[in-house]
Amino acid sequence: QVQLVESVGGLAQAGGSLRLSCAASGGTFGAYTLGWFRQGPGKEREFVAGIGWNRSGNNVYYAEFVKGRFTISRDNAKNTMYLQMNGLKPEDTAVYSCAARVGSVASRSTDYRYWGQGTQVTVSS
C-alpha cells in the first residue's frame, strides 16, 4: 500500500552525528503512524522511536537508550520522516529501518505493517 525507502546510512565515529531519512510513496502519508527500528547482527529488532499521525508534539516516543540523543520528526508535505542521531555510540551500530502503521504509536515491530529495506549505520570507537 505504501512503500518506504530509507536514505543511505553511513559511518560515524563515537560522539558523531548522522541523519536518516525515510521517504514514502503511495497511501496518505499524514495518516500513518511512523517508527524507526534497528537490528544488530544476530540480535532482536528493537524499537528506537515513533511519531504519531498528527504533529502536535505530544505523540512522540523514544526508547530509553536514545532519549536525549536521537530526534524523530516528520514532514508530511514531503512524505518524509527523519531520525537525527547525535552522540552516537558503538552500540548504535545496526541496520535501521523505518516502518508505518495505521493507529497509535506502538513499540512492537509486529504492530507495523509497512517497512523500508533498512540501512546500515556503523559507529566506530
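Refer to the preceding data block for the structure.
Residues numbered from 1 in each chain as written. Predicted model: local features only at pLDDT ≥ 70, side-chain atom pairs only at ≥ 80, totals over all residues. Heavy atoms only, no water.

A. Local environment of the environment of R38. Here R38 lies in strand β4 (residues 33-39). Spatially, the C-alpha atoms of R38 and R113 are 16 Å apart, while their sequence positions differ by 75 residues. When neighbours within four sequence positions are excluded, R38 is seen to be in contact with E44, R45, E46, V48, F65, F70, E91, D92, A94, V95 and Y96. In terms of polar contacts, R38 uses its side chain to reach the side chain of E46, at 2.8 Å. There is a polar contact of 2.8 Å between the side chain of R38 and the side chain of D92. (Helix = DSSP H or I, 4+ residues; strand = E, 2+ residues; numbered from the N terminus. Contact = heavy atoms within 4.5 Å. Polar contact = N/O pair within 3.5 Å; in protein donor to acceptor, adjacent residues only side chain to side chain.)

B. Here's a closer look at the state of the cysteines. Counted under the stated rule, the structure contains 1 disulfide. Here C22 connects covalently by a disulfide to C98, the sulfurs 2.1 Å from one another. Disulfide C22-C98: the torsion about the S-S bond is 65°, which places it as right-handed. With C22 in strand β3 (residues 18-25) and C98 in strand β9 (residues 94-101), this residue pair connects regions lying 76 residues apart in the sequence. Judged by its relative accessible area of 1%, C22 falls in the buried class. (Disulfide = S-S within 2.5 Å. Buried < 20%, exposed > 50% of the residue type's maximum accessible area, 1.4 Å probe, protein only.)

C. Examining the nonpolar core more closely. Grouped together as the largest cluster of nonpolar side chains are 34 residues, with contacts concentrated most on W36, M81, L83, M85 and Y96. Those elements giving two or more residues to this core turn out to be β3, β4, β5 (46-51), β7 (70-75), β8 (80-85), β9 and β11 (119-124). Take this core: its biggest share by element is 5 residues, from β9. (Core = buried A, V, L, I, M, F, W, Y, C linked by side-chain atoms within 4.5 Å.)

D. A look at the sheet that holds strand β1 (residues 3-6). Taken together, the 4 strands give an open sheet; going across it, the order is β1-β3-β8-β7, and neighbouring strands pair in antiparallel fashion. Either end of the sheet is taken by a strand with one partner, and the two such strands are β1 and β7. Each adjacent strand pair in this sheet contributes to an overall mean axis angle of 15°, direction not counted. As paired elements, β1 and β3 share 4 bridges and run antiparallel to each other. (Pairing = 2+ DSSP bridges. Axes fitted to C-alpha atoms, helices over the stretch in contact; angles between N-to-C directions.)

E. Region of the structure containing the pattern of salt bridges. Applying the stated rule across the entire model yields 5 salt bridges. Of the charged contacts, one joins E64 and K67 as a salt bridge, the two residues approaching to 2.8 Å between their closest N and O atoms. In this structure, R108 and D111 form a salt bridge, with 3.1 Å as the shortest nitrogen-oxygen distance. The exposure class assigned to R108 is exposed, which follows from its relative accessible area of 52%. (Salt bridge = Lys/Arg side-chain N within 4 Å of Asp/Glu carboxyl O.)

F. Quick peek at the side chain of T33. The residue T33 is located in strand β4 in this model. In terms of polar contacts, T33 uses its side chain to reach the backbone carbonyl oxygen of G103, at 2.3 Å. Contact partners of T33, with chain neighbours within four places excluded, come to I51, G52, W53, R74, A99, A100, R101, G103, S104, V105 and Y112.

G. Seen up close, the pairing of β5. Counting buried positions along β5 yields 5 of 6 residues, so the element is predominantly enclosed. Bridge count between β4 and β5: 5 bridges; the pairing is antiparallel. Paired with L34 across the strands is I51, a residue of β5. By the bridge criterion, 3 bridges tie β5 to strand β6 (residues 60-62) in an arrangement that is antiparallel. Within β6, the residue paired with A49 across the bridge is Y62.

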